[in-house]
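Residue-level listing of the chains:
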Amino acid sequence: MLNAISWQQYFTAVLLLTVAWYAYVGLRYYQPELQAFLKITPPVKSVVPDVANEKIVVMGEAKPEADTGLYAAEELLFAGAEPDDISDQTLPLGPADDLLAEAKVLVDAYGENDNKHEFLSLFKLLLDKYEVFADEISLPAIIHSLQTFASGKLPFEIQADEWPLNFAA
């Protein structure tokens, strides 16, 4: 009867093997779930080496400059406000203003020259220079301002239909 195994020993062996198998499978494949269930936190592995986490002082503290710092409000002195000559409505000059200024210089240059055809051809060349800004410039407004400016300065009269009406040559 030494070799005979009783059913109780057989049952105990099968039970122990089953428990061992499920313990292995549970620990092997369900490790994150078991850690969460048992509230076990794994040690955090840093991507950065430990040497990089050390605080190294490269430079000493900055010393504030003389006469800088915090002052009490009573020590600060302010002057009264004075109006200036700058208008709040002042706009920066644009390409239309530049074109008008160059056209006025052209009118001044032809103040003593009686060649209307040459003046108009130079004015058309000037317009070609500003053709890239055609969507920003109102050519009729420029022509009107220029006619008013040139009325007494040019020795010849330019009719309204002689002025170029568009930027295209």
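If you're wondering where the values come from, they're calculated on a predicted model, not measured in any experiment.

Taken N-terminus to C-terminus, the directions of helix H3 (residues 95-109) and helix H5 (residues 139-150) make an angle of 30 degrees; their axes are 10 Å apart at the nearest point. Of the possible angle classes, the one that applies to H3 and H5 is roughly parallel. Seen along the crossing, H3 lies across H5 with a hand that is right-handed. Counting all contacts with H3, which are made through Ala 96, Leu 99, Leu 100, Ala 103, Lys 104, Val 107 and Asp 108, the residues of H5 involved are Ile 142, Ser 145, Leu 146, Phe 149 and Ala 150. Class assignment of the residues belonging to the contact of H3 with H5 gives a composition of nine nonpolar, one polar and two charged.

This brings us to H3. In this model, H3 (15 residues) spans 21 Å end to end at C-alpha, consistent with the 21 Å of a helix rising 1.5 Å per residue. Buried residues in H3 make contact with helix H4 (116-129) and H5.

Below, the discussion takes up the nonpolar core. Ranked by internal contacts, the top residues of the largest apolar core, which has 23 residues, are Leu 99, Phe 119, Phe 123, Leu 146, Leu 154, Ile 158 and Trp 163. Contributions of two or more residues to this core are made by H3, H4 and H5. The contact partners of Leu 146, leaving out residues within four places of it in the chain, are Leu 100, Ala 103, Lys 104, Val 107, Phe 123 and Trp 163.

Before going further, it helps to examine the environment of Leu 93. Among the secondary structure elements, Leu 93 is positioned in the loop between helix H2 (31-38) and H3. Using a relative accessible area of 69% as the deciding quantity, one classes Leu 93 as exposed. Expressed as a C-alpha distance, the spacing of Leu 93 and Val 57, which sit 36 residues apart in the sequence, is 53 Å.

To continue, consider the packing of aromatic side chains. In total, this model carries six aromatic pairs according to the counting rule given. On the numbers, 5.6 Å between centres and 70 degrees between planes, the contact of Tyr 110 with Phe 119 is edge-to-face. According to the relative accessible area criterion, Phe 119 is buried, its value standing at 0%. Ring centres of Phe 119 and Trp 163 lie 6.4 Å apart, and the angle between their planes is 85 degrees; this geometry places the pair in the edge-to-face category. Of the two residues, Phe 119 is situated in helix H4 and Trp 163 in the segment after H5; the sequence distance between them amounts to 44 residues. The two residues Phe 119 and Trp 163 agree in class, both being buried. Here the guanidinium or amino end of Arg 28 rests over the ring plane of Tyr 29, the centre of that ring lying 5.7 Å away. Note that Lys 104 overlies the ring of Phe 149, its terminal NZ or CZ placed 5.1 Å from the centroid.

Conventions we followed
- Counting restarts for each chain: residues are numbered from 1 in the order of the written sequence.
- Owing to the predicted nature of the model, reporting of local features is limited to residues with pLDDT of at least 70; listing and counting of side-chain atom pairs is limited to 80 or more, with chain, interface and lining totals taken over all residues.
- In computing side-chain values, all of the structure's heavy atoms are included and hydrogens and water are not.
- To obtain each axis, a line is fitted to C-alpha atoms, and for helices this fit is confined to the stretch in contact; angles are then taken between N-to-C directions over 0 to 180 degrees.
- Per the convention used, a helix needs a DSSP run of H or I reaching at least four residues, while a strand needs a run of E reaching at least two, with both numbered from the N terminus.
- For classification, angles of less than 35 degrees are called roughly parallel, those exceeding 145 degrees roughly antiparallel, those between 65 and 115 degrees roughly perpendicular, and all remaining angles oblique.
- Definitions for this section: a left-handed crossing has its near helix turned counterclockwise from the far helix by less than a right angle. A right-handed crossing has that turn clockwise.
- Contacts between residues were defined by any pair of non-hydrogen atoms, one from each residue, lying within 4.5 Å.
- Polarity classes work like this: nonpolar for Ala, Val, Leu, Ile, Met, Phe, Trp, Tyr, Cys and Pro, charged for Asp, Glu, Lys and Arg, and polar for all others, with Gly in that last group.
- Multiplying 1.5 Å by the helix residue count minus one yields the expected span of that helix.
- Only buried Ala, Val, Leu, Ile, Met, Phe, Trp, Tyr and Cys residues count toward a nonpolar core, and they belong to the same one when joined by side-chain atoms within 4.5 Å.
- Buried, partly exposed and exposed residues are distinguished by accessible area as a fraction of the type maximum, computed with a 1.4 Å probe on protein chains only: under 20%, between the cut-offs, and over 50%, respectively.
- Pairs were defined over the aromatic rings of Phe, Tyr and Trp, the Trp ring being its six-membered one, requiring ring centres within 6.5 Å. Orientation was assigned from the angle between planes: stacked under 30 degrees, edge-to-face over 60, tilted for the rest.
- Working rule: Lys NZ or Arg CZ, within 6 Å of ring centre, within 35 degrees of ring normal, means a charge sits over the ring.

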